[in-house]
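Structural overview for review
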Amino acid sequence: MDKTVGVLGGGQLGRMLTEAASRLNVKVVTLDAANSPAKQINAVTDHITGSFKNADDVRRLAHACDVMTIEIEHVDTEILEELSGGFQTRDDWRLVRGPEVEIHPSWETIRLIQDKYEQKKHLASHGICTPAFEPVDHDPAALSDIGTKLGFPFMLKSRTEAYDGRGNYPVRSSSDIDAALKALVGRPLYAEKWADFKMELAVMVVKTAQKASDEWESITKAFPVVETVHEDSICKLVYAPACNVDQATIQDAQRMARAAVGNLPGKGVFGVEMFLIEDGSLMVNEIAPRPHNSGHYTIEACHISQYDAHLRAILDLPISQNSLNFANPSNNAIMFNILGGEDPESHLRVANKALLLVDEAKIHLYGKGDARPGRKMGHITLLSDSMQVAQARMKPLVEAADELRA
Ligand code: ATP
Ligand code: MG
Ligand code: MG
């Protein structure tokens, strides 16, 4: 493979992307702090030390690669726009003009997704169902009006810089308003109607471009539908495939996820988070324009992983629909996030327990150093013919982690 991939961000997603790239002998250079998780496993000498929020650092990465991508959406999009030659990186960008560096997904997609309010407006304008939402200022009276309009509880969210629920505040009654405004002080806000979901689902979608006669057309394909379980707004467990969901809903979820991603310019994988509402309908919660926590299971469970798929998409390599399916149709997978506790080595204790007790555990540790409460330090995936068996095998590990976090 003769193209070098530059990655904005060197966290765990960048690290797993690097692993996938190494198998295809694709060179990866990473922009992030020295010794970030992705750099630890990649001995090339032209990584960039710096920040994906700094224009000069991003420019330096652009000079070191042919195709640039992201593992985190909180990057400087002004510089990405400039490096794209000012053109909107539509899927037919090659017919317009060769930009300085190919960037996927497009700066427009990343900018849109960075602002969760704009993202929701975009989804709604394309007929994708989402919870009702309203912009709101830092004003107790305005929040009280929102409570009347959307009903209590509602979710107050930061429009920007949100991850792992840091940016969300559930407002259960008007007496929570002051605490909510204090928790999200200084952040641009919007409010969302509470979604009474019976389950959260997620679908990884791969978007590629293919030349049909003279036109480039974008193609979307979906990985299986999974169930995600969140605790305190942080993903804890992923069940793949989603169980106890009828086939029609599974197909609707894949269709909806593909539709939601279909009109976002640029190539790559996208994580689509959804709510399955009590009445059986589906709503999109949000889209991640990159590999996603709900897709880690694909490393062991599917013919190709979300990381393989991302590389193939941005490098224009073939991806068949079948390659996104379970490698063994009878496989069930559970992915468990090892979140940090108070003890800086809490994640190692969970990993050691898995080493001792669960032969089939696929253990991933991210190399982030000391644990901090709620920080994603690693994950464990288990495959089994039976979801019940996988659950029983995972149980002592979940209990050990819960105890360490208590
Ligand atoms: P991520 O790490 O996925 O980027 P985030 O910080 O962007 O997280 P969201 O995805 O908006 O946060 O919300 C995190 C979780 O909070 C959701 O997965 C869900 O469990 C809960 N949640 C979010 N919005 C709502 C809502 N409108 N109603 C009920 N629960 C919600
Ligand atoms: Mg998010
Ligand atoms: Mg989310």
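A brief report on the enclosed structure follows. Given the structure is predicted, the values throughout are model-derived calculations rather than measurements.

Some words on the packing of helix H13 (residues 346-357) against helix H14 (residues 387-405)
- Between H13 and H14, the least distance of the axes is 10 Å, while the angle of their chain directions is 160°. Relative to H14, H13 is oriented roughly antiparallel. In this structure, H13 meets H14 at a crossing whose hand is right-handed. Counting all contacts with H13, which are made through Ser346, Arg349, Val350, Lys353, Ala354 and Leu357, the residues of H14 involved are Arg393, Pro396, Leu397, Ala400, Ala401 and Leu404.

Considerations on the site of ligand 1
- Close to ligand 1 lie 21 residues, the nearest being Lys157, Asp164, Gly165, Glu200 and Glu286.
- Lys116 places a polar side-chain atom, nitrogen or oxygen, 2.8 Å from an oxygen atom of ligand 1.
- Side-chain polar atom of Ser233 to an oxygen atom of ligand 1: 3.1 Å apart, as the coordinates give it.
- For ligand 1, whose accessible area on its own is 620 Å², the fraction buried by protein is 93%.
- Residue assignment for the shell around ligand 1 shows that the elements contributing at least two residues are strand S7 (154-158), strand S9 (189-193), strand S10 (197-212), strand S13 (268-277) and strand S14 (282-288).
- A breakdown of the residues in the shell around ligand 1 according to their chemical character gives seven nonpolar, five polar and nine charged.

Digging into the coordination of the magnesium ion (ligand 3)
- The protein atoms donating to the magnesium ion (ligand 3) are Glu273 (OE), Glu273 (OE) and Glu286 (OE), with metal-donor distances spanning 2.0 to 2.7 Å.
- The magnesium ion (ligand 2) is placed at 3.7 Å from the magnesium ion (ligand 3), the two being bridged by Glu286. Of the two residues, Glu273 is situated in strand S13 and Glu286 in strand S14; the sequence distance between them amounts to 13 residues.

Digging into the nonpolar core
- Within the largest apolar cluster, 26 residues are counted, with the highest numbers of intra-cluster contacts made by Leu201, Val203, Val272, Met274, Val284 and Ile287.
- Taken together, the elements giving at least two residues each to this core come down to helix H6 (107-114), S10, strand S11 (215-231), helix H10 (247-262), S13 and S14.
- Top contributing element to this core by residue count: H10, with six residues.
- Dropping the residues within four chain positions of it, Leu201 is found in contact with Val225, Val226, Glu227, Thr228, Ala242, Val245, Val272, Glu273, Met274, Leu276 and Leu282.
- Cys235, Ala240, Ala313 and Met335 belong to the second-largest nonpolar core, a separate cluster that totals 20 residues.

A closer look at helix H3 (residues 55-63)
- The complete set of buried residues in H3 reads Asp57, Val58, Leu61 and Ala62. The buried residues of H3 occupy an angular sector of 145° when projected down its axis, which confines them to one face.
- Its buried side turned inward, H3 meets strand S1 (5-8), strand S2 (28-32), strand S3 (48-49), strand S4 (67-70) and helix H4 (77-83).

Details of unusual backbone geometry
- The linkage connecting His104 with the following residue, Pro105, adopts the cis geometry, with an omega of -10°.
- Within the secondary structure, Pro105 is located in the loop between strand S5 (102-103) and H6.
- In the segment running from Ala240 into Pro241, the intervening peptide bond is cis, with an omega of 0°.
- In this structure, Glu161 is a non-glycine residue whose phi angle is positive, near 55°.
- Even without a glycine there, the phi angle at Asp164 is positive, about 50°.
- Position of Asp164 among the secondary structure elements: in the loop between S7 and strand S8 (168-171).
- With relative accessibility at 18%, the residue Asp164 sits in the buried group.

Here we look at the pairing of strand S15 (residues 332-339)
- The buried fraction of S15 is high, at eight of eight residues.
- The two faces of S15 match: Asn332, Ile334, Phe336 and Ile338 on one face and Ala333, Met335, Asn337 and Leu339 on the other face are all buried.
- Examined bridge by bridge, strand S12 (residues 234-240) and S15 share four bridges and lie antiparallel to one another. Bridging from a neighbouring strand, Tyr239 pairs with Ile334 of S15.
- Where S15 lies against strand S17 (residues 376-384), eight bridges are found, and the strand directions are antiparallel. Within S17, the position partnered with Asn337 by the bridge is His379.

A few points about the sheet that holds S7
- One open sheet holds the four strands; their spatial order is S6-S9-S7-S8, and the pairing between them is antiparallel. Sheet topology places strand S6 (133-136) and S8 at the edges, where each strand pairs with a single neighbour. Strand-to-strand, the axes of this sheet are offset by a mean angle of 25°, without reference to chain direction.
- Relative to S9, S6 runs antiparallel, the two being bridged by four bridges. In the strand pairing of S9, Pro135 is matched with Tyr190.
- Contacting S6, S7, S8 and S9, helix H7 (residues 116-125) crosses the sheet at an angle of about 145° to S6.
- Contacting S6, S7 and S9, helix H8 (residues 140-150) crosses the sheet at an angle of about 170° to S6.

What counts as what
Note that residues are indexed from 1 along each chain, following the sequence as it is written. To read the labels, note that chains go from A and ligands from 1, taken in the order they are written. This being a predicted model, a pLDDT of at least 70 is required before a residue's local features are given, and a value of 80 or more before pairs of side-chain atoms are given or counted; all residues contribute to the totals for chains, interfaces and linings. For side-chain calculations, the full set of non-hydrogen atoms in the structure is used, while hydrogens and water are omitted. All axes are obtained by fitting lines to C-alpha atoms, using only the stretch in contact for helices, and the reported angles, taken between N-to-C directions, cover 0 to 180 degrees. Each helix is a run of H or I in the DSSP string that is no shorter than four residues. Each strand is a run of E no shorter than two, and both are numbered from the N terminus. Angles below 35 degrees are treated as roughly parallel, those above 145 as roughly antiparallel, those between 65 and 115 as roughly perpendicular, and all remaining angles as oblique. Helix crossings are classified by the rotation of the near helix relative to the far one: an anticlockwise turn of less than a right angle makes the crossing left-handed, while a clockwise turn makes it right-handed. Every residue pair with non-hydrogen atoms within 4.5 Å of one another is taken to be in contact. Here, proximity means that at least one heavy atom of the residue falls within 4 Å of the molecule or strand. Under this definition, polar contacts are N or O atom pairs within 3.5 Å; protein pairs additionally need one hydrogen-donor-capable and one acceptor-capable atom, and for neighbouring residues in sequence, both atoms have to be side-chain atoms. Shrake-Rupley sampling with a 1.4 Å probe provides the accessible areas, and residues are treated as covered by the protein chains on show and by no other component. Put simply, Ala, Val, Leu, Ile, Met, Phe, Trp, Tyr, Cys and Pro go in the nonpolar bin, Asp, Glu, Lys and Arg in the charged bin, and everything else, Gly too, in the polar bin. Each metal site lists N, O and S donors within 2.8 Å (3.2 Å for Na, K and Ca). With water left out of the atoms, a site can look as if it is missing ligands. As used in this record, nonpolar core signifies buried Ala, Val, Leu, Ile, Met, Phe, Trp, Tyr and Cys residues forming a set joined through side-chain atoms within 4.5 Å. Relative accessibility thresholds used throughout: buried, under 20% of the residue-type maximum; exposed, over 50%; partly exposed, between the two (1.4 Å probe, protein chains only). Here the arc refers to the directions that run from the helix axis out to each C-beta atom. Two strands pair if DSSP finds at least two bridges between them.

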